[in-house]
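Given next are the chains, with one letter for each unit.
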Amino acid sequence: KFMVGAVSFAAELEREKASQRARDALERKALKGCNTGGRVYGYRNVWVMEDGRRIIAPPGAKRPEAVARTEYEVDERQAEVVRAIYRMHADGHSAKKIAKTLNGDPLYAALSKSYFGGEHPPSSKGVPCAWAPTGVYEILRNERYTGVIPWGKYRNDFRKGTKVRVQQDKYERVPAPHLRIVPDELWRAARGRAAAA
C-alpha cells in the first residue's frame, strides 16, 4: 500500500509540473502576441513557418511539420460584421435583436439592410443563420477587437471535484494595435450602452 501511494504521489506531482510547463510555454507565446489556441470571429489563424513564410491553412488541412507558431490576422469580411454588430448595439439594439437580424428574421429586414447590407453573414462556425444572442454578447465584450490580446483571464479550477472555469481579477493584456477592428469611440459607445442596460 505504501509503494502504491508513493508512486501515485509521484505521478500526481509530475502531472502538476507538466501542466505548469505547458502553461508557461503558452504564456511566453501569448506575451509575444501569438495565438495560444482557439479561433476568434473577425480573425484568421495564420501559421508562421520557420523561414518566415505565412501559410493560410484551408479548413480541414493537416498541420505542416515546419510550423513554429500561430498568429492572428484580421479577416476583413468578418471584421466588417463585427463593426456592424458594435454599431447596432451602440444605437440601442439588444444582443437578441442583433442575432435575429443576422439570422434573417423577416421582422428585422430593415435593420438587416441598414447595418449588414441585407446579407446574412455566416456565424463563427461558418453556418449561415446560426447566430445566438450569447455569441453576439461575447463579441460585444471581447476586448481583443480594440487591439489587445488578453492572456490568463480565465483559469481552470476544481470545485467540489468538478472542473470549472474561473475568471481571474488580474491578467495580462498584450498590446496588438495591428489587430484592432473596433475604433475607440465605437467601443466606448457600445460598452456605455451595455452598462446602461
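## Let's talk about the pattern of salt bridges
Summed over the entire model, instances satisfying the criterion amount to nine salt bridges. Close ionic contact of Asp75 with Arg44 constitutes a salt bridge, the shortest N to O distance being 4.0 Å. Taken together, the residues span a long stretch of sequence, with Asp75 in the loop between strand 3 (67–74) and helix 2 (76–90) and Arg44 in strand 1 (residues 43–49) at a distance of 31 residues. Notably, a salt bridge pairs Glu80 with Arg87, separated by 3.1 Å at the nearest N-O pair. Judged by relative accessible area, which is 38%, Glu80 ranks as partly exposed.

## Examining the packing of helix 3 (residues 95–102) against helix 4 (residues 109–116)
The relative placement of two packed helices comes down to the angle between their axes together with the axis-to-axis distance. Between helix 3 and helix 4, whose axes approach to 9 Å, the crossing angle comes to 85°. Considering the angle they form, helix 3 stands roughly perpendicular to helix 4. Across the interface between the two elements, Lys97, Thr101 and Leu102 from helix 3 touch Leu111, Ser112 and Phe116 from helix 4. Looking at the contact of helix 3 with helix 4, its residues break down into three nonpolar, two polar and one charged.

## What to know about the packing of aromatic side chains
Tallying each qualifying case throughout the model produces five aromatic pairs. Seen in terms of ring centroids, Tyr43 and Tyr145 are 5.9 Å apart; in terms of plane orientation they differ by 10°. Their pairing is stacked. Within this pair, whereas Tyr43 is found in strand 1, its partner Tyr145 is found in the loop between helix 5 (133–140) and strand 4 (148–151), the two being separated by 102 residues in sequence. Exposure remark for Tyr145: the relative accessible area of 1% places this residue in the buried category. Aromatic side chains Tyr86 and Trp187 sit 5.9 Å apart centroid to centroid with 35° between the ring planes, which places their arrangement in the tilted category. Of this pair, Tyr86 sits in helix 2 while Trp187 sits in helix 6 (residues 184–196), and the two are 101 residues apart along the sequence. Judged by its relative accessible area of 0%, Tyr86 falls in the buried class. Put simply, the rings of Tyr43, Tyr72, Tyr86, Tyr145 and Trp187 touch in pairs and so form one group of aromatic residues. The cationic tip of Arg191 hangs over the ring face of Trp187; the distance from NZ or CZ to the ring centre is 5.8 Å.

## A closer look at the nonpolar core
Within the largest apolar cluster, 34 residues are counted, with the highest numbers of intra-cluster contacts made by Ile85, Tyr86, Trp131, Val136 and Tyr145. For this core, the leading source of residues is helix 2, giving seven residues. When near neighbours in sequence (up to four residues on either side) are disregarded, Val136 contacts Ile85, Ala95, Ile98, Ala99, Leu102 and Trp131.

## Side note on the confidence of the model for the chain
Close inspection of predicted coordinates is inappropriate in any region flagged by low pLDDT. Mean pLDDT for the chain: 84, with 90% of residues reaching 70 or above. The lowest-confidence element of the chain is strand 2 (residues 54–56), averaging 56 in pLDDT; the highest-confidence one is helix 2, averaging 93.

## Topic: helix 3
Working note: α-helix, 3.6 residues per turn, so residues spaced by three or four point in the same direction. Turning to helix 3, its buried residues number three or more, namely Ala95, Ile98, Ala99, Thr101 and Leu102. Taken down its axis, helix 3 places every buried residue within 160° of arc, on the same side. Residues of helix 3 that are buried sit in contact with helix 2, helix 4 and helix 5. Of the residues trailing helix 3, Gly104 is marked for its positive phi of about 85°.

## Side note on helix 4
For helix 4, the set of buried residues is Leu111, Ser112, Tyr115 and Phe116. The arc that holds the buried residues of helix 4, viewed along the axis, is 100°, so those residues lie on one side. Turned more than 90 degrees away from the buried face of helix 4 sit Ala110, Lys113 and Ser114, all of them exposed. Turning to helix 4, the residues buried within the fold contact helix 2 and helix 3. Gly117 sits one or two positions beyond helix 4 and adopts a positive phi of about 65°.

Cut-offs and rules
Residues numbered from 1 in each chain as written. Predicted model: local features only at pLDDT ≥ 70, side-chain atom pairs only at ≥ 80, totals over all residues. Heavy atoms only, no water. Salt bridge = Lys/Arg side-chain N within 4 Å of Asp/Glu carboxyl O. Helix = DSSP H or I, 4+ residues; strand = E, 2+ residues; numbered from the N terminus. Buried < 20%, exposed > 50% of the residue type's maximum accessible area, 1.4 Å probe, protein only. Axes fitted to C-alpha atoms, helices over the stretch in contact; angles between N-to-C directions. Parallel < 35°, antiparallel > 145°, perpendicular 65-115°, else oblique. Contact = heavy atoms within 4.5 Å. Nonpolar A, V, L, I, M, F, W, Y, C, P; charged D, E, K, R; others polar. Phe/Tyr/Trp six-rings, centres within 6.5 Å; stacked < 30°, edge-to-face > 60°. Lys NZ or Arg CZ within 6 Å of the ring centre and 35° of its normal. Core = buried A, V, L, I, M, F, W, Y, C linked by side-chain atoms within 4.5 Å. pLDDT = per-residue confidence, 0-100. Arc of directions from axis to C-beta.

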